[in-house]
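Structural overview for review
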Amino acid sequence: MTSAPVVETPETPTHTVQKVGGRIGAVIAGVRLGGDLDEETVTAVRAALLKHKVVFFRDQQHLDGESHEAFARLLGTPVAHPTVPSVDGRYALGIDNDHGGRANQWHTDVTFVPAYPAFSILRAEVIPPYGGNTLWSNTAAAYRDLPEPLRILADSVRGVHTNDYDYAATRPGASSAALDQHRKVFTAVKFQTEHPVVRVHPETRERTLILGNFLQKLSGFRAADSRALIGVLQSHVERPENTVRWQWRAGDVAIWDNRATQHYGVDDSDDHERTLRRVTIDGDVPVGVDGRRSVLLAPEAVPEPGHGIASGASTDGTVAEA
Ligand SMILES: [Fe+2]
């Protein structure tokens, strides 16, 4: 006997939202993404995104750089990466496995600036014949799962995030010229930002963990204690129950709430081409459980990118107007 698929709250007669995992991830079917998407559907997509943390769309091959960005504008203000130049002179970041910038560490995008992106919208152009999946984890669920004494500790701790992290330690054996070049570009400006380890999500009011690969140390702790504590907290984020794994097809789009997730690009497709395009939407400055906001420690201000505004530039504590 086969059971009918669980369809979660069909928001309009024309599309469905179906969970992929118990705690994170849903597939939205029946939506053609683009700058002309109607308001009712955009509202439904946004609600599903906040609820499921990452949503997936198949068969969006009609999208190109321009319509990808046009759709992104329906969710907020696109922002440029603070250091890595775009591939189109506008907002599209290339996630290509031949640049040496493989994202095979758990991270939240761009947490080395205060107002890191609220949403990331990733579109698959070329997908390898095997491997190259992406994993996401729900950092609100990870926080809720912590035993109470650990939650209390996490609520009161702050951590320093940087883009100038120890690449050699996280990529043992990786020393290609492409990787060295990527690192040089990625750290052209060295950022340091102090975030609360737990932020209150500005839209859902959930508490979420701000950890991941850009977290260098916990403020006020010795290095060894800091490493051990980060390891304990991060292990809850990486628990398989809190994650979903997506097997990409060309034309897929994934959108995640970058304030409530971490993700990991699995580097297991050998030398096959893997080309994706990412547009990020401006976020706001995180606020901790105690009301304290994140602080940019270095440089004095986020430098202006070649086009538009940089991610993290809106440090006034509000989400920029779309
Ligand atoms: Fe990422």
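Residues numbered from 1 in each chain as written. Predicted model: local features only at pLDDT ≥ 70, side-chain atom pairs only at ≥ 80, totals over all residues. Heavy atoms only, no water.

Looking at an unreviewed UniProt entry, one finds the chain named TauD/TfdA family dioxygenase and attributed to Streptomyces rectiviolaceus. Quoted verbatim from the Cofactor (unreviewed entry) field of UniProt, the annotation for the chain is "Fe(2+)". The UniProt entry for the chain carries this comment under Sequence similarities (unreviewed entry): "Belongs to the TfdA dioxygenase family." (UniProt positions renumbered as here; feature names shortened; annotations may be inferred.)

Quick look at the overall build of the chain
A count of helical and extended segments in the chain gives 7 helices and 18 strands. Burial statistics for the chain: of 322 residues in total, 52% are counted as buried. Sequence separation of 24 or more characterises 84% of the internal contacts of the chain that already satisfy a separation of 6 or more. About 14200 Å² of surface is accessible on the chain, with carbon and sulfur atoms providing 51% of the total. (Helix = DSSP H or I, 4+ residues; strand = E, 2+ residues; numbered from the N terminus. Buried < 20%, exposed > 50% of the residue type's maximum accessible area, 1.4 Å probe, protein only. Contact = heavy atoms within 4.5 Å. Areas by Shrake-Rupley, 256 points an atom, 1.4 Å probe, with all protein chains shown as cover.)

Here's the deal with the sheet that holds strand β16 (residues 261-265)
Here 3 strands make up an open sheet; going across it, the order is β14-β8-β16 and the pairing antiparallel. Each having just a single partner strand, β14 (243-246) and β16 make up the two edges of the open sheet. Averaged over neighbouring strand pairs, the angle between their axes works out to 20° when direction is ignored. In this structure, strand β8 (residues 134-138) lies alongside β16, joined through 5 bridges in antiparallel fashion. Considered in β16, the bridge of W136 is made with H263. (Pairing = 2+ DSSP bridges. Axes fitted to C-alpha atoms, helices over the stretch in contact; angles between N-to-C directions.)

Some remarks on empty space enclosed by the protein
Going through the model one piece at a time under the given rule, you end up with 1 cavity of 30 Å³ or more. Of the volumes computed, that of the largest cavity is approximately 60 Å³. What lines the largest cavity is V79, A80, H81, V84, S86, Y91, L93, V110, R278 and T280. Here the lining of the largest cavity is composed, by residue class, of 6 nonpolar, 3 polar and 1 charged. (1 Å grid on protein atoms, 1.4 Å probe; cavity = no way out; pocket = protein on both sides within 12 Å on 5 of 7 lines; lining within 4 Å. Points joined across faces, edges and corners; volume = space filled by probe spheres on them. Nonpolar A, V, L, I, M, F, W, Y, C, P; charged D, E, K, R; others polar.)

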